[in-house]
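# Observations on the model geometry
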Amino acid sequence: MSNLTTAPVCLECDTEVALPAEAELGDILSCRGCGQEHEVVEVTPIRLELAPEVEEDWGE
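Each helix and strand counted, the chain has zero helices and three strands in total. Ordered by position in the sequence, the α and β elements of the chain form the string β-β-β. Per-residue burial over the chain gives 18% buried out of 60 residues. Of the contacts formed within the chain by residues at least 6 apart in sequence, a portion of 14% connects residues at least 24 apart. By element, 48% of the accessible surface of the chain is carried by carbon and sulfur atoms, the whole surface being about 4,500 Å².

Moving on, we get to the pattern of salt bridges. The full count for this structure, using the stated rule, is two salt bridges. Across the pair glutamate 42 and arginine 47 runs a salt bridge whose closest N-O atoms are separated by 3.1 Å. For glutamate 42, a relative accessible area of 32% corresponds to the partly exposed category. Between glutamate 49 and arginine 47 there is a salt bridge whose closest N-O contact spans 2.9 Å. A relative accessible area of 37% means that glutamate 49 is categorised as partly exposed.

With that settled, consider unusual backbone geometry. Residue proline 45 follows threonine 44 across a cis peptide bond; omega there is -10°. Tracing the chain through its elements places proline 45 in the loop between β2 (37-42) and β3 (47-50). Non-glycine residue aspartate 14 carries a positive phi angle of around 65°. Along the polypeptide, aspartate 14 turns up in the segment before β1 (28-30). For aspartate 14, a relative accessible area of 61% puts it in the exposed group.

This part is about the nonpolar core. Ranked by size, the top nonpolar core spans eight residues in total: Cys10, Val17, Leu19, Ala23, Leu29, Cys31, Val40 and Leu48. Excluding residues within four positions of it along the chain, valine 17 makes contact with Ala7, Pro8, Val9, Cys10, Leu29, Ser30, Cys31, His38 and Leu48.

The rules behind the values
- Residues numbered from 1 in each chain as written.
- Predicted model: local features only at pLDDT ≥ 70, side-chain atom pairs only at ≥ 80, totals over all residues.
- Heavy atoms only, no water.
- Helix = DSSP H or I, 4+ residues; strand = E, 2+ residues; numbered from the N terminus.
- Buried < 20%, exposed > 50% of the residue type's maximum accessible area, 1.4 Å probe, protein only.
- Contact = heavy atoms within 4.5 Å.
- Areas by Shrake-Rupley, 256 points an atom, 1.4 Å probe, with all protein chains shown as cover.
- Salt bridge = Lys/Arg side-chain N within 4 Å of Asp/Glu carboxyl O.
- Core = buried A, V, L, I, M, F, W, Y, C linked by side-chain atoms within 4.5 Å.

Laid out in structure tokens, this is it:
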């Protein structure tokens, strides 16, 4: 049995994004088609937005 639920689609290329059953708010998921990263912004129902780009000063 798979640990994936119904997958949302990539906001860039419309490929299904693999969604783990235990997905949580803030998780970053990558599209297997184009590599675009998405952030989980709602869990029920699942909603993705494009993940923010890494900024130069992150972690400083």
